[in-house]
Amino acid sequence: MRLAAVGFGHEANSFAPARATLNAWRAEGILEGAEIRARHRTAESIPSGFFAYEAEQPGVEVVPLVYAWITPTGASTAEAFEHLTGRMIGALRAGGPWDGVLLPQHGAAVADGFPDADGEFVRRVRAAVGPQVPIGMTLDLHANVSDLMVAHADVITVYQTNPHVDAAAQGLACARLIGRTARGEISPAIALAAPPLAINIIAQGTAEEPMAGLLALARQAERRRGVLSVSVVEGFPYADVPEMGVSVVAVTDNQPDLAAEIAADVAGAAWASRGDMVGDALGIDDALRQAAAEPGGPVVLLDMGDNVGGGSPGDSTHLLHAARRLGITGVAVSLYDEVAVAACHAAGVGGRVGVAVGGRTDDRHGTPLPVTGEVIALSDGRFEDSTPTHGGARFFDLGPTAGIHTDDGLLLAVHARPAATHSQVQFRIAGIEPREVRIIAAKGVHSPRAGFEPIASRLIWVNTPGATSADLATLGYRLRRKPMFPFEPDTAWAPR
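Residues numbered from 1 in each chain as written. Predicted model: local features only at pLDDT ≥ 70, side-chain atom pairs only at ≥ 80, totals over all residues. Heavy atoms only, no water.

**Details of the sheet that holds strand S12 (residues 352-357)**
- Strand order across the open sheet formed by eight strands is S12-S13-S16-S17-S11-S18-S10-S19, with mixed pairing between neighbours. Strand pairing shows two members of the sheet lacking a second neighbour, S12 and strand S19 (458-462), which therefore form its edges. Taking the axes of each pair of neighbouring strands and ignoring which way they run, one obtains an average angle of 30 degrees across the sheet.
- Relative to strand S17 (residues 410-415), strand S16 (residues 401-406) runs antiparallel, the two sharing five bridges. If you follow His 405 over to S17, its bridge partner there is Leu 411.
- Lying on the sheet, helix H11 (residues 318-326) is in contact with strand S10 (299-303), strand S11 (331-336), strand S13 (369-379), S17, strand S18 (439-442) and S19; it crosses S13 at an angle near 115 degrees.
- Against the sheet, helix H12 (residues 338-347) engages S11, S12, S13, S16 and S17, with an angle of about 175 degrees to S12. (Pairing = 2+ DSSP bridges. Helix = DSSP H or I, 4+ residues; strand = E, 2+ residues; numbered from the N terminus. Axes fitted to C-alpha atoms, helices over the stretch in contact; angles between N-to-C directions. Contact = heavy atoms within 4.5 Å.)

**Some words on the packing of aromatic side chains**
- Applying the stated criterion across every chain, the model contains eleven aromatic pairs.
- Ring geometry for Phe 383 against Phe 396: centres 4.8 Å apart, planes inclined by 10 degrees, an arrangement best described as stacked. Here Phe 383, found in strand S14 (residues 382-384), pairs with Phe 396, found in strand S15 (residues 395-397); they are 13 residues apart in sequence, far enough to count as distant. Per residue, the accessibility class of Phe 383 equals that of Phe 396, and both read buried.
- Clustering of aromatic rings is evident, with ring pairs tying together Phe 8, Trp 25, Phe 81, Phe 114 and Phe 121.
- Of note, Arg 124 hangs over the ring of Phe 114, and the distance from its end group to the ring centre comes to 5.2 Å. (Phe/Tyr/Trp six-rings, centres within 6.5 Å; stacked < 30°, edge-to-face > 60°. Buried < 20%, exposed > 50% of the residue type's maximum accessible area, 1.4 Å probe, protein only. Lys NZ or Arg CZ within 6 Å of the ring centre and 35° of its normal.)

**Here's the deal with the nonpolar core**
- Membership of the largest hydrophobic core comes to 65 residues, with the highest contact counts inside it found for Trp 25, Leu 92, Val 101, Leu 103 and Ile 156.
- Apart from residues lying up to four places away in sequence, Ile 156 is in contact with Met 137, Leu 139, Met 149, Val 150, Ile 190, Ser 229, Ser 231, Val 249 and Val 251.
- Ala 198, Ile 201, Met 244 and Val 300 belong to the second largest nonpolar core, which has 35 residues in total. (Core = buried A, V, L, I, M, F, W, Y, C linked by side-chain atoms within 4.5 Å.)

**Observations concerning the side chain of Ser 76**
- Of note, Ser 76 is situated in the loop between strand S3 (61-69) and helix H4 (78-95).
- Of note is the side chain of Ser 76, whose polar atom sits 3.1 Å from the side chain of Trp 25.
- Leave out the neighbours within four places in its chain, and Ser 76 touches His 10, Arg 19, Ala 20, Trp 25, Val 110, Ala 111 and Asp 112. (Polar contact = N/O pair within 3.5 Å; in protein donor to acceptor, adjacent residues only side chain to side chain.)

**Concerning unusual backbone geometry**
- A cis geometry characterises the amide bond from Gly 297 onward to Pro 298, with omega recorded as -5 degrees.
- Its location among the elements puts Pro 298 in the loop between helix H10 (284-293) and S10.
- Positive phi, close to 60 degrees, is recorded for Asn 254, a residue that is not glycine.
- Within the secondary structure, Asn 254 is located in the loop between strand S9 (247-253) and helix H9 (256-272).

**What about the pairing of strand S4 (residues 100-104)?**
- Most of S4 sits inside the fold, with five of its five residues counted as buried.
- Sheet topology places strand S1 (residues 2-9) next to S4; three bridges connect them, and they run parallel. Each bridged residue has a counterpart across the sheet, and for Ala 4 the counterpart in S4 is Val 101.
- By the bridge criterion, four bridges tie S4 to strand S5 (residues 135-139) in an arrangement that is parallel. Within S5, the residue paired with Leu 103 across the bridge is Met 137.
- Handedness of the crossover is the feature at issue here: the chain leaves S4, passes through helix H5 (residues 117-129), returns alongside S5, and the resulting connection is right-handed. (Right-handed = clockwise from strand over helix to strand, strands pointing away.)

Here it is in structure tokens:
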């Protein structure tokens, strides 16, 4: 059995300041063949799960063709989308015939001309391989699942954890179902239910309600005879597309009515709990004061407005400016700033620098913070982390990196590439031991939890300004569904 693995991962923020150009995709890395296996075989990503299926099934060959992933940003340009999909469809046609196709997608990609870029890609894949070859997609929990995806994929599995620590498991589950389909053991029927409902990012933790209860309901439904998979999908609220929002995907063995029933039932439960999906977060000053008052550390402040994993630039300085104004020291932050990195590398370890840090992207993410201090470490920014991280990544490249201990007691890990706060190691390569600091200002909402919750004395979500603001009402939507909760609080909906 030969299964092709091909696809791309992009979470596109319609309100982000930068766009995903072809050069940006190339800088992140467009991998082919053996490169994909080398990068992902020992990781915990979606392709890792595909390779795990190959390892457990003698006689199965997973053939990695082309795979690309980019840090969340604005929409892809038309040039980038056509280049990527052209290479992928070309490799798919050239390498066939196939017994099945595995797509490691995100599910919230947007490209110029294609608001549902993932749906358009799977449509092109279907056109390339024909109607008889089973296609499986594994999606991020923040996918905005569309009718187009469901129409052309036989199986869709979705992360069911946030932070995302089951990417490989969901990739393996998808590959198993496609393998069974290729052998004629099952005939998947798939259904989608998508209420007009957006869940605030702060309410998306899967260990807490309302998500914990909805996921338990999905797991219960999976125990019914003939049910192959049930996925609750949170959606990505920063993509201004008609599909944006919560959804449920159910897959059964040749029982379309049962799939539709289960999807509607779980979606109905999500709708019933919509009041718990609005979310709330502390203001900047209150969050810093509470963190400083904690007897132990580190306290992790989750900088929601600069959530790099949601498309923000990673150079926000709102928390740093406030910490200085309030006289709070011992705050460690990892942020993007090529200029500051260059100044540190010029000064050398032990050298003194005076430089403005961060706040270079736009006013929404703050203004540069002038600092003076000592360069405490330099690095090329490449490292490996085998402990659990969001999305299952293991190998990281943050570009040239430096650590600065400022004269007023701030600890800055500055990187030449935008980076979410996913790994403790990204501080250690900058000479900062995260276990020993008082406060960590992490750029993310739930994604930092996999790496930092084990050492945190407390987590505090902070309503900072930015492209991923917790206050969805501040974003300028044009294409989302209307009416839609919570934007229109009186929205009515009933599952069918």
